[in-house]
Amino acid sequence: GTLTNMGYFAFYLAVLVPVVPLWAGVVFVGAILGARNNLGVMMALSGLAWVYRDNRKVVAGLVCVLVVLGLLLSAVHVGGWLGGGTERMTMWTYALESMTLSTWLIGNGPGSWSVEIPAIQIAHKFTHPGVFFHAHNEWLQVLREVGVMGVLLMAGWIWSHRTMFTGRYGGSCVAILIGSVGHFGFRMATVGILLIVLIGLALPPLAAHT
């Protein structure tokens, strides 16, 4: 009841699929399919593929399942599988076109997206299905708000902590990384707290850095 949206619900379950018991993973994937959320399916299967990356047959099977599900869901319910993609790309275009040299370098400030982009959409009379207070792409929103410098810092942090992808929670980290390209999980309290906990569990103990 606290998620309020099928996309949030699918995101929440998708990052857990790589770490829960098999029976729960089946239930979670079924729920994500029921939500008809393409990003959630990609996140869950990609996370599982990473967990079983040493088993080529399992990885190949998961890729085939992802392709088949994509085709089936596109045919059965195009709105749920592909809906919103065109609108988001149009909004991303507006966001990039409005960037100046200083915006590219240091951004327009944290939180500026939710103020500036809706106004740009309204100016273009592009308000269907609504204004986007978040970019549905963490990397683009970071770029718009804190510039290339911020993106490099974020990418550098991930690289310096790349061992988090090798442990038990590595699959969840992969799912989170994929989800960050198509959603804004870190900007919702109910989902963001879970993501922070999973990343914290994936990071090595502080003693390992000393």
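In what follows, the structure referred to is the one given above.
Keep in mind that what you see is a predicted model, and the values were worked out from it rather than measured.

> Help me out: how do you make sense of the overall build of the protein chain in this one?
Tallying secondary structure elements over the protein chain gives eleven helices and zero strands in all. For the protein chain, the N- to C-terminal ordering of α and β elements is α-α-α-α-α-α-α-α-α-α-α. Across the 210 residues of the protein chain, 42% fall into the buried class. Contacts in the protein chain between residues at least 24 apart in sequence constitute 68% of all its contacts with a sequence separation of at least 6. A total of about 11500 Å² of accessible surface is found on the protein chain, and carbon and sulfur atoms cover 71% of it.

> Help me out: how do you make sense of the packing of helix H10 (residues 170-182) against helix H11 (residues 189-202) in this one?
For any two helices packed against each other, one specifies the inter-axial angle together with the distance between the axes. Packing of H10 against H11 brings their axes to within 9 Å, and their N-to-C directions diverge by 135°. By the criterion of interaxial angle, the relationship of H10 to H11 is oblique. In the crossing of H10 with H11, the sense of the turn from one axis to the other is left-handed. Residues Ser 172, Cys 173 and Ile 176 of H10 lie in contact with H11, whose contacting residues are Leu 195, Leu 198, Ile 199 and Ala 202. Taken together, the residues of the contact of H10 with H11 sort by class into six nonpolar, one polar and no charged.

> Would you mind showing me how to read the environment of Gly 192 here?
Tracing the chain through its elements places Gly 192 in helix H11. When the C-alpha positions of Gly 192 and Tyr 12 are compared, they lie 9.0 Å apart, and in sequence the two are 180 residues distant. If sequence neighbours within four positions are ignored, Gly 192 has contacts with Gly 185 and Phe 186.

> Would you explain the packing of helix H8 (residues 113-123) against helix H9 (residues 138-160) in this entry?
Contact geometry of H8 with H9 gives a least axis separation of 10 Å together with a crossing angle of 100°. Accordingly, the angle class assigned to the pair H8 and H9 is roughly perpendicular. Along its contact with H8, which presents Trp 113, Glu 116, Ile 117 and Ile 120, the element H9 presents Leu 140, Gln 141, Arg 144 and Glu 145. Here the contact of H8 with H9 is built from residues that sort into four nonpolar, one polar and three charged.

> Even after reading the chapter, I still don't get the nonpolar core, so can you show me in this structure?
For soluble globular proteins, nonpolar side chains are generally found buried alongside one another. In terms of nonpolar packing, the biggest core is built from 36 residues, with Val 15, Leu 16, Ile 32, Met 43, Met 164 and Leu 198 touching the most fellow members. Looking at this core, the elements that each hand over two or more residues are helix H1 (6-14), helix H2 (22-34), helix H3 (38-51), H10 and H11. If one sorts the elements of this core by residue count, H3 sits on top with seven residues. Ignoring sequence-local partners within four residues, the contact set of Met 43 consists of Phe 11, Ala 14, Val 15, Ala 175, Ile 178 and Gly 179. Counting 14 residues, the second-largest nonpolar core is a separate cluster that includes Tyr 94, Ile 117, Ala 135 and Leu 143.

Cut-off values and rules
- Residues numbered from 1 in each chain as written.
- Predicted model: local features only at pLDDT ≥ 70, side-chain atom pairs only at ≥ 80, totals over all residues.
- Heavy atoms only, no water.
- Helix = DSSP H or I, 4+ residues; strand = E, 2+ residues; numbered from the N terminus.
- Buried < 20%, exposed > 50% of the residue type's maximum accessible area, 1.4 Å probe, protein only.
- Contact = heavy atoms within 4.5 Å.
- Areas by Shrake-Rupley, 256 points an atom, 1.4 Å probe, with all protein chains shown as cover.
- Axes fitted to C-alpha atoms, helices over the stretch in contact; angles between N-to-C directions.
- Parallel < 35°, antiparallel > 145°, perpendicular 65-115°, else oblique.
- Left-handed = near helix turned anticlockwise from the far one by under 90°.
- Nonpolar A, V, L, I, M, F, W, Y, C, P; charged D, E, K, R; others polar.
- Core = buried A, V, L, I, M, F, W, Y, C linked by side-chain atoms within 4.5 Å.

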